[in-house]
Amino acid sequence: MLERMEGADNALACLHDEDYDVPFNKQNLNYEGLIFVGGREGESLNGDWNFCVDLLDTGLRQKWFSLKPEPAEEKIEPYDYDPYVGETVPVPSCWSMLKEKWYFFEGSAWYTRSIDFAELPTDERLFLRVGAAQYDCKVFLNGEFLGNHYGGSTPFNVELTDRVKQGQNWLMLVVNNTRTLDRVPMRNTDWFNYGGIYRDVDLYRVPKAFIKDLFVRMLPDDAYSNIAIDVAVDGVASGSVAVSIEELGISAEIAVDADGKGSLVVEAKPELWSPETPRLYDVVATFCGDRVTDRVGFRQIKQIGEELFLNGKSVFLRGISVHEDDEFKGKVVTDEDLRQRFEHAKELNCNFLRLAHYPHDERAAKLADELGFMLWEEIPVYWAIDFKNPATFKDADNQLRELIKRDRNRASVIIWSVGNENPDTDERLAFMKGLVDTANSMDGTRLTSAACLVNHTKNRIEDRLAQYINVIGINEYYGWYEENFDDLIEFLDNSDPGKPVVISETGADGYIGEGKLEKGFFSEAYMAEVYRKQIATLKEREFVKGISPWILYDFRVERRQNMYQRGWNRKGLIASDKKTKKEAFKLLSDFYATLKDER
């Protein structure tokens with residue numbers, strides 16, 4: 001099948017058109033279209049989908065989405081792909097994990113499945129929700145392009161109400177994981193570039209007028225008694241939303257304005273959420289026959305000078321960094337995997353996790369709410385992002401907004417991080433400050449941070465971004481990438497940050513498999529010695545208010561290929577099997593136990 005381009009003199013024009021993607025790159029599926037799904041019953045579209053990799057984007061050039069389901073013997077021209085029959089893959093999954101030939105594949109892949117509908121009731125609307133697809137996801141329904149979404153780790157919605165038909169419908173998702181210089185993250189990263197639809201896909205039916213957003217939190221005013229509730233509705237320009245928190249005696253009507261938005265502050269005395277007492281309350285909101293729910297904790301996190309306060313009490317963040325990675329499933333996360341992660345964090349005596357370097361599965365924050373762990377969540381503004389490019393900022397800003405809208409009811413989330421190890425240029429400063437402004441404007445109840453820079457010439461904390469954020473994250477590897485460990489002492493002596501510092505990364509590789517070393521770099525013994533020295537040094541510094549060593553589990557990454565790494569970063573306190581603990585695990589656990597007892 002050759003696509004006959006309008007105005008073209010021959011059918012080969014599509015093969016030479018390098019602007020073929022432009023009509024399909026609207027990025028119109030973004031934070032503005034997200035709908036609140038708490039308490040809603042979704043219809044799962046998980047399962048087997050027809051699948052085809054498309055390295056050369058032939059499908060967009062030839063408009064595969066316009067193909068009709070026909071028996072092979074009745075087709076009137078040759079074709080390169082049939083989206084309705086052939087190979088299938090499970091959704092959610094990462095194609096890298098399904099076949100060896102797809103392991104390093106970067107490009108587009110086509111997912112197709114049918115959806116059968118009886119006639120859609122006139123008083124209902126229908127939305128598709130994709131939990132995450134890496135990275136650009138284009139949506140077609142019955143051959144019609146509905147839009148695309150940028151960002152590999154945040155959810156998006158697309159309304160199908162006026163596009164579905166009675167009977168059989170065909171949904172196509174075209175997912176592209178190609179790394180480019182203008183995306184977030186850009187081409188050069190330090191984790192594996194999985195591809196695919198790797199989180200849940202669901203349909204949601206809502207009334208014509210429905211609750212689109214619900215934001216519930218305690219105001220950070222030291223009163224511990226003022227609860228703010230913001231609502232947004234869609235489909236009607238007037239009315240009020242009824243909100244109740246029965247255990248707190250709250251029952252209120254919130255009037256919405258012409259834009260469908262409303263706000264209210266009510267007084268109550270909730271039991272405060274903390275790692276020791278992770279108290280949650282059931283929130284119910286109703287509007288015009290629509291009903292949503294959530295479980296929300298109330299707490300206050302605050303930064304004053306070099307101190308961090310949770311509910312008015314000084315707090316030290318005993319943490320660990322975590323990647324979303326599995327030896328067999330890639331980025332696909334199960335409930336069991338999440339619970340195992342938090343069990344290991346509990347064994348480490350942690351009260352805090354850094355979820356790096358992108359938004360993790362939304363179930364992680366919900367489980368952290370229940371179990372009592374504080375979280376640092378971030379977007380992948382990683383290394384040398386194209387800070388001069390407005391399109392790149394648009395991408396980063398949208399990912400941040402989607403993350404905040406998704407998780408801002410989670411008491412466990414105390415920090416929004418806007419970047420990691422970026423060069424200190426004027427363009428970067430403006431870019432990052434813009435993201436900090438976005439975070440503060442959308443949510444004034446949490447702290448902002450980034451993994452900032454060390455001036456290695458002066459050996460001190462020195463990053464212009466630090467003046468705009470609440471918590472200074474520092475990735476330091478003294479004893480590893482900075483081989484002279486004594487430089488850490490000088491670095492700490494030279495630094496006077498005036499704000500709390502979280503050592504957001506530190507550690508060393510320790511390989512424990514076949515052919516392991518007994519000493520030196522990449523040995524378990526060397527890794528443990530680095531931890532001993534780090535612990536002894538960092539615990540003496542007043543402005544260090546948290547540590548999240550790198551990292552809980554070994555994780556897959558293309559760039560690391562020596563004989564001890566073999567495509568893995570081996571800095572995990574636990575090996576890639578997520579069972580075998582290294583010597584440094586107990587060292588950190590004992591250190592955190594001491595800190596826990598002291599506070």
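Structure's up top.
Below is a short write-up of the structure. Everything numeric here is computed off the predicted structure, so don't read it as measured data.

### Concerning the pairing of strand S15 (residues 240–245)
By the alternation rule, side chains of S15 split into Val241, Val243 and Ile245, which are all buried, and Ser240, Ala242 and Ser244, of which none is buried. Counted along the chain from S15 to the antiparallel partner strand S16 (residues 250–255), the turn is four residues long, and its residue glycine 249 has a positive phi close to 70 degrees. In terms of strand pairing, S15 meets strand S18 (residues 281–287) through three bridges, oriented antiparallel. Bridge pairing links alanine 242 to threonine 286 in S18.

### Let's talk about the packing of helix H7 (residues 486–494) against helix H8 (residues 524–538)
Between H7 and H8, the shortest axis-to-axis distance is 10 Å and the interhelical angle comes to 20 degrees. Relative to H8, the element H7 is oriented roughly parallel. Handedness of the H7/H8 crossing: right-handed. Counting all contacts with H7, which are made through Leu488, Ile489 and Leu492, the residues of H8 involved are Gln534, Thr537 and Leu538.

### Examining the side chain of arginine 40
Structurally, arginine 40 can be placed in the loop between helix H1 (13–16) and strand S1 (43–44). The class for arginine 40 is buried, based on a relative accessible area of 13%. Reaching out from arginine 40, the side chain makes a polar contact with the side chain of aspartate 290 at a distance of 2.7 Å. Contacts of arginine 40, omitting those with residues within four sequence positions, involve Tyr204, Val206, Phe210, Ile211, Asp290, Arg291 and Val292.

### Let's talk about the environment of serine 576
Tracing the backbone shows serine 576 in the loop between strand S34 (568–569) and helix H9 (583–598). Owing to a relative accessible area of 14%, serine 576 belongs among the buried residues under this scheme. Linking serine 576 and proline 185, residues 391 residues apart in sequence, is a C-alpha distance of 24 Å. Leave out the neighbours within four places in its chain, and serine 576 touches Glu327, Asp554 and Trp568.

### Observations regarding helix H6 (residues 426–442)
In an α-helix there are 3.6 residues to a turn, and that puts residues three or four apart on one side. Compared with an ideal rise of 1.5 Å per residue, which puts 17 residues at 24 Å, H6 spans 25 Å between its outermost C-alpha atoms and is within 8% of the ideal. Listed in full, the buried residues belonging to H6 are Arg428, Leu429, Phe431, Met432, Gly434, Leu435, Val436, Thr438, Ala439 and Met442. Structurally, H6 contributes buried residues whose contacts are with strand S13 (210–218), helix H5 (390–407), strand S26 (413–420) and strand S27 (447–452).

### What about the pattern of salt bridges?
Note that side chains of opposite charge can pair when their charged atoms are close. In this structure the tally under the stated criterion is 53 salt bridges. A salt bridge links glutamate 324 to lysine 331, with the shortest nitrogen-to-oxygen separation between them at 3.3 Å. A salt bridge links aspartate 493 to arginine 541, with the nearest nitrogen and oxygen atoms 2.5 Å apart. Of this pair, aspartate 493 sits in helix H7 while arginine 541 sits in the loop between H8 and strand S32 (544–547), and the two are 48 residues apart along the sequence.

Rules used throughout
Residues numbered from 1 in each chain as written. Predicted model: local features only at pLDDT ≥ 70, side-chain atom pairs only at ≥ 80, totals over all residues. Heavy atoms only, no water. Buried < 20%, exposed > 50% of the residue type's maximum accessible area, 1.4 Å probe, protein only. Helix = DSSP H or I, 4+ residues; strand = E, 2+ residues; numbered from the N terminus. Pairing = 2+ DSSP bridges. Axes fitted to C-alpha atoms, helices over the stretch in contact; angles between N-to-C directions. Parallel < 35°, antiparallel > 145°, perpendicular 65-115°, else oblique. Left-handed = near helix turned anticlockwise from the far one by under 90°. Contact = heavy atoms within 4.5 Å. Polar contact = N/O pair within 3.5 Å; in protein donor to acceptor, adjacent residues only side chain to side chain. Expected span 1.5 Å × (residues − 1). Salt bridge = Lys/Arg side-chain N within 4 Å of Asp/Glu carboxyl O.

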